[in-house]
Amino acid sequence: MGSYRDYYRRSVEQPQEFWGEKAALIDWHRPFEQVLDGSRKPFAAWFRGGLTNLCHNAVDRHLAARAQQPALVWESTEVDRSRSYSYTELHREVQRMAAILQRHGVEAGDRVLLYMPMIPEAVFGMLACARIGAIHSVVFGGFAALSLATRIDDARPKLILSSDAGSRAGRVVPYKPLLDEAIERATHKPAAVLMVDRGLHPMQPVAGRDLDYATERAAVGDAVVPCAWVDATHPSYILYTSGTTGRPKGVQRDTGGYAVALATSMRDIFCGRPGGTYFCSSDIGWVVGHSYIVYGPLIHGMTTVLYEGTPVRPDAGILWRLAERHRAQVMFSSPTAVRVLKKFAPELMRQCDLSSLERLFLAGEPLDEPTASWISGMLGKPVVDNYWQTETGWPILGIAAGVEALAPKAGSPGVAMPGYKVSILDESSGRPVPAGEKGVLAIDWPLPPGCMQTVWGDDQRFVDTYWSNFASAQVYSTFDWGVADEQGYVTILGRTDDVINVAGHRLGTREIEESISSHAAVAEVAVVGAADAVKGQQAVAFVVPRDAARTADAQGRTELAAQIMQTVQVQLGAVARPARVLFVGMLPKTRSGKLLRRSIQALCEQRAPGDLTTLEDPAALEQIRSALAEQP
Ligand code: AMP
């Protein structure tokens, strides 16, 4: 093992050589001509001219040595079932799925939208798309009709893969009615909808559009569908994420760079061993699920565990029992999951044999010190925080123990990972701030392989959103506040924009506001994220009703608050539903009419509201204060 300092320095000073070598971690059908094409800054094209395929690297290339090794293990505590697929069986299922897609006209470059619960067919669908060069767009199953419709219109899928229902904490959540409504609302209509019938909820097929997966699967038999060799820069998927506007952005990822970055991270950051088991308890609807349930572990020849269920059902020992059962070598979860488990008696965890486990990785939201020390004390193994975003696809900050096990620093996810030229910049001047001072976490061009290529269908938005925040230089903004110490350890201090993070789920406050505004009784609304002991943050909505009389008494307020929460749940999904809806007569704004979100948020967290020199009417802040004090 060398020193991390040398490894990192080489990655940023000689990116061509560094990544050129890492490219050998994956299979290429034809070698690339250039490691990095930087002719269109701030875009970066990695491994142009090289032909490869994500599915080949995740599945086919392991057949020679790992034919019988479990590739995908599905565990569901929702329906009390489990299934295991060896690499050979996964290969067969993916080809069947690919044959079905092809039968219904899906070709390379076409989009396929997945609105799926955590079942193996979701993984088959993703890999089948990759196999034929189609571009998948997985929409988290917790999103509702409006969110789904927006994504259908943006991605314009030729086919949608879905299922009759998911299940959450033992309760069936029908998907089909939401999907039908979303397609109804959307302007774009998919040619076909492929439904996996789990027998959880009756379905009404739409004639001429809906297909039954079991029937289709039987019809294609043991289909042989070769991998389509695509250019390294060919898009592999689109994954929508929230930002400052109400319109989610489609993060577009490439093929070759992503495979190389994941392979590198699996070895150098996650210290995964081919043949070992990787258990990530995230959801395939999020980036962590794409990278570290599906592609990363499989590219690395590991067994991946796909878990449908919560961390506390049937009891708070379930994650550890699954880790024990499958001899997990690496686990990946979220700080919220650990905080939830912390509330339960630790015996269930102590009863498990976790001798196979080497490391637990946590990401998606800030990891607080008490949670980190509780879980590492319980496990007696390293707990590794890592910081990244949907946009980057793999960690920006962390500890690359596969290179050198640098000592972790409490409260910090770690140091810059290979290829990320991280700096902390002054918000207004764009100049680097000294160690110990707060600034915006930025990344110099080029973003390393695996990071977003562009915003789907909107190059200009990519440049405007991410690369135009500082007049002094064209650098990528993460929209996170950070502070670095002398050794390069960075601590994350929250978002600079209106994005909030509820239980590791990223939500745009504007999207929630737009949904609430659609309720006829709402004149104006402000949504902020307020600190929450378990979920990190929760959404709180302050609503100005059109008719004040309606919320004059407690009953009226309760009724309208319930309706508003329901509106958000129906349009966007339960994940976006505000935890509290409070009523005020006006909202605090600047004289130019901008909402003072940071002040509202501060009051929610019982902090001083900050700089109020631009506040138009101080009475508005008073109303926020009294609403917080008086309304439940
Ligand atoms: P997402 O794109 O949904 O993965 O959300 C990314 C955002 O989550 C980042 O911009 C951060 O605000 C936050 N985040 C992710 N991981 C961490 C972490 N380890 N520590 C602190 N914040 C994090």
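Everything quoted here is computed from the prediction, not taken from an experiment. (Residues numbered from 1 in each chain as written. Predicted model: local features only at pLDDT ≥ 70, side-chain atom pairs only at ≥ 80, totals over all residues. Heavy atoms only, no water.)

Caption draft 1: Region of the structure containing the site of the ligand. If you check the shell around the ligand, you find 14 residues, and the closest are Asn-386, Thr-390, Asp-480, Arg-495 and Arg-506. In the complex, 94% of the free accessible area of the ligand, which totals 500 Å², lies under the protein chains. If you list the elements that add at least two residues to the shell around the ligand, you get strand S20 (383-386) and strand S27 (490-495). Classifying every residue of the shell around the ligand gives 4 nonpolar, 5 polar and 5 charged. (Near = heavy atom within 4 Å. Areas by Shrake-Rupley, 256 points an atom, 1.4 Å probe, with all protein chains shown as cover. Helix = DSSP H or I, 4+ residues; strand = E, 2+ residues; numbered from the N terminus. Nonpolar A, V, L, I, M, F, W, Y, C, P; charged D, E, K, R; others polar.)

Caption draft 2: Broad picture of the environment of Thr-264. Inspection of the secondary structure puts Thr-264 in helix H10 (residues 256-268). When its relative accessible area of 1% is taken as the criterion, Thr-264 is described as buried. Along the primary structure Thr-264 and Trp-19 are separated by 245 residues, whereas in three dimensions their C-alpha atoms are 9.3 Å apart. Setting aside its immediate chain neighbours within four residues, Thr-264 contacts Tyr-7, Trp-19, Lys-22, Leu-25 and Ile-269. (Buried < 20%, exposed > 50% of the residue type's maximum accessible area, 1.4 Å probe, protein only. Contact = heavy atoms within 4.5 Å.)

Caption draft 3: The arrangement of helix H19 (residues 597-604) in detail. For H19, the tally of buried residues reaches 6 of 8 residues, placing the bulk of the element in the interior. Within H19 the residues assigned to the buried category are Arg-597, Ser-599, Ile-600, Ala-602, Leu-603 and Cys-604. At its buried positions, H19 is contacted by helix H17 (509-517), strand S30 (522-532), strand S31 (536-545) and helix H20 (618-630). Gln-606, located one to two residues past H19, shows a positive phi value of around 55°.

Caption draft 4: Molecular detail of the sheet that holds strand S6 (residues 111-115). Read from one edge to the other, the open sheet built from 8 strands follows the order S12-S11-S8-S6-S7-S14-S15-S25, with strand pairing classed as mixed. A strand with exactly one partner marks an edge of an open sheet, and here the two such strands are strand S12 (210-212) and strand S25 (454-455). Of the pairings in the sheet, the one linking strand S14 (residues 237-241) to strand S15 (residues 249-253) comprises 5 bridges and is antiparallel in character. Opposite Leu-239, over in S15, you have Val-251 as the bridge partner. Each of strand S11 (192-196) and S12 is contacted by helix H9 (residues 213-220), which is oriented at about 65° to S12, the strand it contacts most. (Pairing = 2+ DSSP bridges. Axes fitted to C-alpha atoms, helices over the stretch in contact; angles between N-to-C directions.)

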